[in-house]
Amino acid sequence: MSDCLFCKIVSGDIPSQKVYEDETVLAFRDINPQAPVHILVIPKTHIDSAAAITAQNSGVVAHCFEVIAQLGKDLAGGFRVVSNCGPDAGQTVPHLHFHILGGRPLAMEMA
Ligand code: AMP
Ligand code: ZN
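Remember, it's a predicted structure, so these values are computed and weren't measured experimentally.

## Brief notes about the coordination of the zinc ion (ligand 2)
Part 1 of the reasoning: Here the zinc ion (ligand 2) is held by the protein donor atoms Cys4 (SG), Cys7 (SG), His46 (ND1) and His95 (ND1), which lie 2.1 to 2.3 Å from it.
Part 2 of the reasoning: The site at the zinc ion (ligand 2) holds four donor atoms, and with the angles between them running 106 to 117°, its shape is tetrahedral.
Part 3 of the reasoning: Sequence positions of the donors to the zinc ion (ligand 2) reduce to the motif C-x2-C-x38-H-x48-H. Here cysteine 7, found in helix α1 (residues 5-11), pairs with histidine 95, found in the loop between β4 (79-82) and β5 (98-102); they are 88 residues apart in sequence, far enough to count as distant. Just as cysteine 7 is buried, histidine 95 falls in that class too.

Here it is as structure tokens:
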């Protein structure tokens, strides 16, 4: 999608602080971190949100979680994985992404 912020990060048109990249998945630091460690993990192909995951595209979503597991190994105390889906959940970028939050004890509230 040519007007998608995260597609532009994938293409390199917008810079990012990459922490991991392979053929199908990219991970980079959130520009407005909510915790000492705040990483976004995204599929390189455009998927609107968690509500658009299907049998046809779920392979790359599974791979996102393999990457999350690897990145989480540096967070000995644990970490949280969040994916906001739709406006009521606060999704501001309509390209599927998983927030990894960690580096300190996190609030227990989920919503
Ligand atoms: P969400 O609100 O769940 O859609 O998350 C979108 C996230 O993208 C927010 O945490 C933003 O801080 C982050 N973000 C927006 N623009 C950029 C950017 N250029 N580089 C890195 N993170 C960004
Ligand atoms: Zn996109």
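## Quick look at the site of ligand 1
Part 1 of the reasoning: Close to ligand 1 lie 16 residues, the nearest being Asp30, Asn84, Thr92, His97 and His99.
Part 2 of the reasoning: Take aspartate 30: an N or O atom from its side chain is 2.5 Å from an oxygen atom of ligand 1.
Part 3 of the reasoning: Contact between ligand 1 and histidine 97: an oxygen atom at 2.9 Å from a side-chain N or O atom of the residue.
Part 4 of the reasoning: In isolation ligand 1 exposes 500 Å². Once the protein is present, 84% of that is buried.
Part 5 of the reasoning: Cavity membership is defined here by more than half of the atoms lying within 2 Å of grid points; on that basis ligand 1 lies in the largest pocket.
Part 6 of the reasoning: Those elements giving two or more residues to the shell around ligand 1 turn out to be α1 and β2 (25-29).
Part 7 of the reasoning: When grouped by side-chain class, the residues that make up the shell around ligand 1 number seven nonpolar, seven polar and two charged.

Cut-off values and rules
- Residues numbered from 1 in each chain as written.
- Chains lettered and ligands numbered in written order.
- Predicted model: local features only at pLDDT ≥ 70, side-chain atom pairs only at ≥ 80, totals over all residues.
- Heavy atoms only, no water.
- Donors = N, O, S within 2.8 Å, 3.2 Å for Na, K, Ca; no water.
- Tetrahedral: all angles 85-135°; square planar, octahedral: opposite > 155°, others 65-115°.
- Helix = DSSP H or I, 4+ residues; strand = E, 2+ residues; numbered from the N terminus.
- Buried < 20%, exposed > 50% of the residue type's maximum accessible area, 1.4 Å probe, protein only.
- Near = heavy atom within 4 Å.
- Polar contact = N/O pair within 3.5 Å; in protein donor to acceptor, adjacent residues only side chain to side chain.
- Areas by Shrake-Rupley, 256 points an atom, 1.4 Å probe, with all protein chains shown as cover.
- 1 Å grid on protein atoms, 1.4 Å probe; cavity = no way out; pocket = protein on both sides within 12 Å on 5 of 7 lines; lining within 4 Å.
- Sits in = over half its atoms within 2 Å of the grid points.
- Nonpolar A, V, L, I, M, F, W, Y, C, P; charged D, E, K, R; others polar.

Remember, this is a structural readout, not a statement about activity or role.
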